[in-house]
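Fold and contact review
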Amino acid sequence: MTTRPSYRQRLLAVGTFTTLLLYSLGCGSTQTARTEKTSTDSLTVSQAPVSADSLCFREILSRDTTTLQLVLAGDRASGQIEINPYEKDRARGSFTGTRSGNTITADWQRSGEGMTETYALTLTLSGDSISWGEGERIEHQGKWTLKQPGGTYRYRLAKTPCR
């Protein structure tokens, strides 16, 4: 059984979305340079600066569009996913996680149909693409995880210039 989010939860989701939207609009190299400079300026003397790489990916199938912005900084990964199926409810939200080789293990704050829930994701970088499995999910310790490891459907997004 699913409960409706409270007014405070909806307000928080709108604020988070607005912040992420403004961040994603600055996905280009000028924004990246500003972000890196700000991050470097705020570091303490004992920390070494970490360079961040920003990558963007997109998949268009018929009239359905999925986009992903990925920011890599050392072994940390973060970004934004937006899934826009034609004439259906969309899903979007930010994710954060860790990178080991070409695999990113992350928690996605998925907002859709008036709710925000945490989805466990395993993203795979391969050449100029990124992919992850999707399918039926079950709730496990406050996160929605795939019932079948790897899922029954695979998103595959091609690298695209960040705008």
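As a reminder, the structure under discussion sits directly above these lines.
Report follows, based on the coordinates.

**Structural notes on the nonpolar core**
- In terms of nonpolar packing, the biggest core is built from 21 residues, with L68 and L70 touching the most fellow members.
- For this core, the element with the most residues is strand β6 (residues 115-126), which contributes four residues.
- When neighbours within four sequence positions are excluded, L70 is seen to be in contact with D53, S54, L55, F57, A77, S78, F95, I104, L125 and I130.

**Observations concerning the packing of aromatic side chains**
- Following the criterion strictly, the structure yields three aromatic pairs and no others.
- Both rings, one in W108 and one in Y119, keep their centres 5.8 Å apart while their planes meet at 85 degrees; by these two values the pair is edge-to-face. Here the residue W108 occupies a position in strand β5 (residues 103-112), and Y119 occupies one in strand β6, the gap between them amounting to eleven residues. Both residues of the pair, W108 and Y119, count as buried.
- Residues W132 and Y155 carry aromatic rings whose centres are separated by 4.8 Å and whose planes lie at 20 degrees to one another, so their mutual orientation is stacked. Here W132 is found in strand β7 (residues 129-134), whereas its partner Y155 is found in strand β10 (residues 153-160), with 23 residues between them in sequence.
- Each residue in the set W132, Y153 and Y155 is aromatic and connected to the rest through ring pairs, giving one cluster.

**A word on the state of the cysteines**
- In the structure shown here, the tally under the stated rule is one disulfide.
- Paired by a disulfide, C56 and C162 hold their sulfur atoms 2.1 Å apart. Between C56 and C162, the disulfide has an S-S torsion of 110 degrees and is therefore right-handed. Residue C56 is found in strand β1 (residues 52-61), and its partner C162 is found in the segment after β10; the two are separated by 106 residues along the sequence.
- In this structure C56 comes out as buried when scored by relative accessible area, which is 11%.
- Owing to a relative accessible area of 24%, C162 belongs among the partly exposed residues under this scheme.

Thresholds applied
- Residues numbered from 1 in each chain as written.
- Predicted model: local features only at pLDDT ≥ 70, side-chain atom pairs only at ≥ 80, totals over all residues.
- Heavy atoms only, no water.
- Core = buried A, V, L, I, M, F, W, Y, C linked by side-chain atoms within 4.5 Å.
- Buried < 20%, exposed > 50% of the residue type's maximum accessible area, 1.4 Å probe, protein only.
- Helix = DSSP H or I, 4+ residues; strand = E, 2+ residues; numbered from the N terminus.
- Contact = heavy atoms within 4.5 Å.
- Phe/Tyr/Trp six-rings, centres within 6.5 Å; stacked < 30°, edge-to-face > 60°.
- Disulfide = S-S within 2.5 Å.

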